[in-house]
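Residues per chain, in single letters:
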Amino acid sequence: MAPVLVLWMAVCLSGTWAVDKGNFKTCDQSAFCKRQRALKPGESPYRALLETMELTNTRLTLQLINDNNKVRLLLELYRLQGNITRVKINELKPLKPRYEVPDVLIREPPTEPLSLLSQDENGVVLSLGAESQRVIVSARPFRLDIMEGREVLMSLNSRGLLAFEHLRMRKDTQADPEAEKKEEADPANQAEAAKEEEEKVEDGMWEETFKSHSDSKPNGPSAVSLDFSLPGVEHVYGIPEHADTLRLKTTDNGDPYRLYNLDVFQYELYNPMALYGAVPVMLAHNAQRTTGIFWLNAAETWVDISSNTAGKTVFGKMLDYVQGSSETPQTDVRWISESGIIDVFIMLGPTPKDVFSQYASLTGTQSFPPLTSLGYHQCRWNYNDQEDVQSVDAGFDEHDIPYDFIWLDIEHTDGKRYFTWDPHKFATPKEMLQGLMDKKRKMVAIVDPHIKVDSNYKIHNEIRSRGFYIKNKDGGDYEGWCWPGSAGYPDFTRADMRAWWASMFAYDQYEGSMENLYTWNDMNEPSVFNGPEVTMHKDAMHGAWEHRDVHNTYGFYVQMATAEGLIQRSGGVERPFVLTRAFFAGSQRYGAVWTGDNAAEWDHLKISIPMCLSLGLVGISFCGADVGGFFKSPSTELLVRWYQTGAYQPFFRAHAHLDTPRREPWLFGPENTALIREAVRQRYTLMPYWYQQFYQAHRTGQPVMRPLWVEYPQDPATFALDDEFLIGRDLLVHPVTEEGARGVTAYLPGKDEVWFDVHTFQKHNGAQNLYIPVTMSSIPVFQRGGSIIPRKLRVRRSSSCMEHDPYTLYVALNPQRKAEGELYIDDGHTFNYEKKEFIHRRLSFANNILSSVNLAPDAQFTTRSWIERIVILGASKPSKVTLKAADGQESQIEFDFDASMSVLTLRKPGMNSGADWTVMLQ
């Protein structure tokens with residue numbers, strides 16, 4: 001084994017668990033970030049050349065000139081369907097093409113007409129159509145303002161921080177000929193400029209070294225930067241992945257938030273360091289409006305956030321009349337990327353749900369997962385062999401704990417060769433998989449994108465012979481160190497490489513695989529143990545493009561190709577399940593993500609909530625954290641609390657490091673086993689509701705796990721809350737995340753709302769902080785009055801075993817409004833729902849009548865499941881209850897009424913879940 005790998009594994013397997021910050025760059029160590037951040041707010045050197053303006057039905061183009069160096073840029077402005085404005089800035093005549101990110105947008109966004117409202121020597125005013133929205137282009141200095149009526153919604157370059165490093169020949173860096181052509185430039189200025197240029201050359205423009213790694217930068221400096229001002233805004237969110245609070249902090253006194261996909265060994269909390277994924281989307285919210293900024297750039301990116309007051313940064317005579325009090329809050333945001341172009345989508349809301357829809361219209365919605373993948377997943381690095389798998393599987397049955405998936409990490413392979421099995425430990429994988437299938441359970445096996453360099457390994461030979469590996473700067477195959485030792489890295493940015501990779505998941509190619517085997521893509525940042533910052537050299541080549549241009553999309557492409565492989569192997573019939581560690585905008589279309597290598601610490605349990613909430617805000621709903629913590633060993637109290645929290649997060653998987661003691665749920669004594677069993681069973685009873693929420697996310701782009709402010713956007717008390725959350729609209733969860741807690745305080749939102757404790761059925765009014773005493777069995781969860789939630793109370797060993805089981809409907813009443821809910825049923829695993837093979841029903845309760853109405857009359861699907869119980873919270877006692885079936889027949893329903901809790905239970909109504917029916921309380 002090579003020394004580098006031995007050293008890496010020694011670190012991974014030792015008791016040293018803290019991140020080595022020295023392995024990762026700060027802004028000061030990243031030359032382009034340091035260079036751009038040195039620019040201070042002021043008057044922009046950029047000016048709009050209004051005489052170059054061209055306005056067609058679909059776009060405005062306009063040249064910008066940098067008065068310092070006379071380099072011209074091309075501005076393109078588009079009004080897109082759905083209240084989105086797109087701004088693109090590129091060099092007018094670049095020395096060579098600059099990278100524009102492909103494949104992330106689901107289509108070329110459809111445009112709507114722009115119309116000119118007015119124009120003079122100071123600028124132009126364009127109509128954005130609806131609600132008196134317009135964009136003002138100011139000429140000197142260049143600036144964009146988006147307005148509605150007299151209100152400024154957002155300003156671009158108002159602080160003068162637009163910067164666009166033009167491509168240039170290296171010989172020109174000592175004395176830029178364009179600078180020499182400056183009109184009326186005096187010799188002193190020229191000398192000063194030349195001096196600055198020399199200083200910049202020393203500052204990593206053409207070559208950069210970090211630790212022992214050199215970046216050759218053959219294209220020289222190519223960074224882009226732009227500032228955005230958000231008047232009236234104090235709360236901004238998004239730009240995952242960071243281990244930080246939901247509400248983003250200001251960065252004035254530290255580093256900007258960094259977006260650069262990295263394999264960070266046990267990350268620290270509450271700082272802006274980069275992690276495994278990067279979604280360059282930020283949401284801004286106040287009580288009046290929600291907006292979003294999508295910065296479409298796949299290179300290393302830094303995001304600065306500062307707070308200001310609006311009066312301090314509003315320049316330009318055209319806007320004088322809108323300047324209000326200097327006390328108006330304002331947030332200023334600045335994006336800095338190493339290469340590419342400026343391509344930004346400004347989503348104007350105005351509601352949170354509008355912003356989600358707008359972003360979904362650009363990058364797509366969350367893929368609709370197989371129902372089983374919403375169940376519980378049991379994983380560790382590693383289950384040792386087939387007997388171990390069989391033993392763990394039997395343990396769940398013995399202890400009556402349901403689960404759906406058991407996972408195999410890297411040790412299941414033959415020498416870290418993916419798509420293979422260890423010939424001794426996993427000699428008969430199909431026999432193992434069949435054993436799971438017989439119990440209606442499934443398996444996930446890891447397939448990482450680093451490929452062992454070994455001439456006896458089919459996958460490596462194929463990739464090399466087809467020329468599919470990423471190249472180094474000298475044109476040879478790029479090699480780095482990872483789990484197998486020396487490894488090549490397939491170029492997933494190539495469509496032909498992705499098609500070949502997908503074909504490797506065919507049952508006749510991936511030997512030992514069966515239809516109940518799914519896939520986990522880890523290490524796909526990509527992780528390179530001996531690379532700079534544990535990743536790939538930026539001057540590696542993907543065809544004509546450098547790795548620096550595409551870096552943040554590598555994991556996105558790996559998951560895309562893998563998901564396509566799982567779809568293709570079934571002839572396009574079955575939905576895939578693929579978990580990825582690295583991700584980008586659009587990754588939601590291909591599966592699930594998790595928060596990476598966390599630790600068995602209380603703060604890591606707490607941070608899982610804002611981390612998943614942040615992902616949900618930018619389209620990635622299928623998120624979870626390793627239950628129990630990957631590194632270290634949890635106390636029994638922490639483990640139980642983590643199961644209780646994870647049971648109410650979208651992706652529910654326990655995982656642990658190779659070096660930790662085993663922690664299957666039954667290894668901590670009968671009392672803790674019972675507590676964990678109860679948490680997992682609560683998850684399974686709610687599977688119909690989870691599935692329905694994912695169906696809605698898939699259709700609309702709304703997050704499954706949401707911050708309270710999404711549903712209560714005018715309530716400032718919700719804006720910074722990140723220790724509780726909503727699942728859909730109707731369940732509020734406040735997990736216990738403090739060691740030794742005897743109580744928690746939950747904020748119940750909505751002055752007209754009532755909330756019911758789902759365990760005790762106690763009713764509480766909204767708009768209050770409620771103190772809840774807790775014991776080790778407590779999971780504070782509340783159902784919103786005015787909602788109807790379906791559950792399945794007959795919990796079996798896996799979700800597939802519950803397919804035909806009956807439903808119980810929980811109807812929570814609010815006297816001020818009717819109660820509503822939905823019931824969605826399909827086969828749970830194929831794409832047939834796209835062919836209208838599903839049941840989708842509206843459940844409603846008003847005027848003492850509960851009814852089920854078909855929401856999709858053109859859909860066709862039948863179910864054997866039925867309604868076996870209806871529980872009405874906040875009810876009055878009826879004298880009789882009558883069921884009216886679809887054929888008009890009426891029958892009486894037995895009921896019980898608990899007067900002390902105002903709970904009415906209707907027993908065995910018995911109607912089919914897909915039928916029309918009405919229940920009348922009299």
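Residues numbered from 1 in each chain as written. Predicted model: local features only at pLDDT ≥ 70, side-chain atom pairs only at ≥ 80, totals over all residues. Heavy atoms only, no water.

Colleague: Got a sec to walk through the overall build of the protein chain? Specific residues and values, please.
Modeller: Helix and strand counts for the protein chain come out as 16 helices and 54 strands. What you see for the protein chain is a C-alpha radius of gyration of 29 Å, in line with the 29 Å of a compact globule of 922 residues. Taking the principal axes of its C-alpha atoms as reference, the protein chain extends roughly 95 × 70 × 50 Å. When the 922 residues of the protein chain are sorted by exposure, 63% land in the buried category. A separation of at least 24 residues holds for 72% of the contacts in the protein chain among residues at least 6 apart in sequence. Of the side chains in the protein chain, 96 bear a positive and 121 a negative charge, and the two mean positions are spaced by 3 Å. (Helix = DSSP H or I, 4+ residues; strand = E, 2+ residues; numbered from the N terminus. Rg over C-alpha atoms; globule rule 2.2 N^0.38 Å. Buried < 20%, exposed > 50% of the residue type's maximum accessible area, 1.4 Å probe, protein only. Contact = heavy atoms within 4.5 Å. Lys, Arg positive; Asp, Glu negative; His and termini not counted. Charge placed at Lys NZ, Arg CZ, Asp CG, Glu CD.)

Colleague: Account for unusual backbone geometry, with residues named and values stated.
Modeller: Cis geometry is adopted by the peptide bond preceding proline 141, which originates at arginine 140 and carries an omega value of -5 degrees. Residue position: proline 141 is located in the loop between β8 (133-138) and β9 (143-148). A cis amide bond links glutamate 525 to the next residue, proline 526, at an omega of 10 degrees. For proline 526, the position within the fold is in the loop between β28 (517-521) and β29 (541-542).

Colleague: A description of the state of the cysteines should follow, citing residues and the corresponding values.
Modeller: According to the stated counting rule, one finds two disulfides in the structure shown. A sulfur-sulfur separation of 2.0 Å characterises the disulfide bridge that pairs cysteine 27 with cysteine 33. One quick way to see it: the torsion about the S-S bond of cysteine 27 and cysteine 33 is about -100 degrees, and its sign makes the bridge left-handed. Residue class for cysteine 27 comes out buried when judged on its relative accessible area of 1%. Residue class for cysteine 33 comes out buried when judged on its relative accessible area of 0%. Here cysteine 612 connects covalently by a disulfide to cysteine 623, the sulfurs 2.1 Å from one another. On the sign convention where negative is left-handed, the bridge of cysteine 612 and cysteine 623, at about -75 degrees about the S-S bond, is left-handed. With a gap of 11 residues between them, cysteine 612 in helix α12 (residues 602-617) and cysteine 623 in strand β33 (residues 623-624) connect regions that are remote in the sequence. Across the protein chain, the way the bonded cysteines pair up, counted in sequence order, is 1-2, 3-4. (Disulfide = S-S within 2.5 Å.)

Colleague: Break down the environment of lysine 430 for me, with residues and values.
Modeller: Here lysine 430 is to be found in helix α7 (residues 429-438). The class of lysine 430 is partly exposed, set by a relative accessible area of 46%. Along the primary structure lysine 430 and serine 513 are separated by 83 residues, whereas in three dimensions their C-alpha atoms are 6.7 Å apart. Once residues within four sequence positions are removed from consideration, lysine 430 is found in contact with Gly512, Ser513 and Met514.

Colleague: Can you tell me about the UniProt feature "domain: Glycosyl hydrolase family 31 C-terminal" (unreviewed entry) in the protein chain, naming the residues and giving the values?
Modeller: The sites that UniProt annotates as "domain: Glycosyl hydrolase family 31 C-terminal" (unreviewed entry) are residues 701-789. In this annotation, residues 701-789 is assigned 4% helix and 38% strand; the end-to-end C-alpha distance for the span is 21 Å. (UniProt positions renumbered as here; feature names shortened; annotations may be inferred.)

Colleague: Run through helix α11 (residues 554-569), naming residues and quoting values.
Modeller: A rise of 1.5 Å per residue sets the reference length of α11, with its 16 residues, at 22 Å; its end C-alpha atoms lie 23 Å apart and thus fit the reference within 8%. Within α11, 14 of the 16 residues are buried, which leaves the element mostly enclosed by the surrounding structure. Two residues or fewer after α11 comes glycine 571, characterised by a positive phi angle close to 70 degrees. (Expected span 1.5 Å × (residues − 1).)

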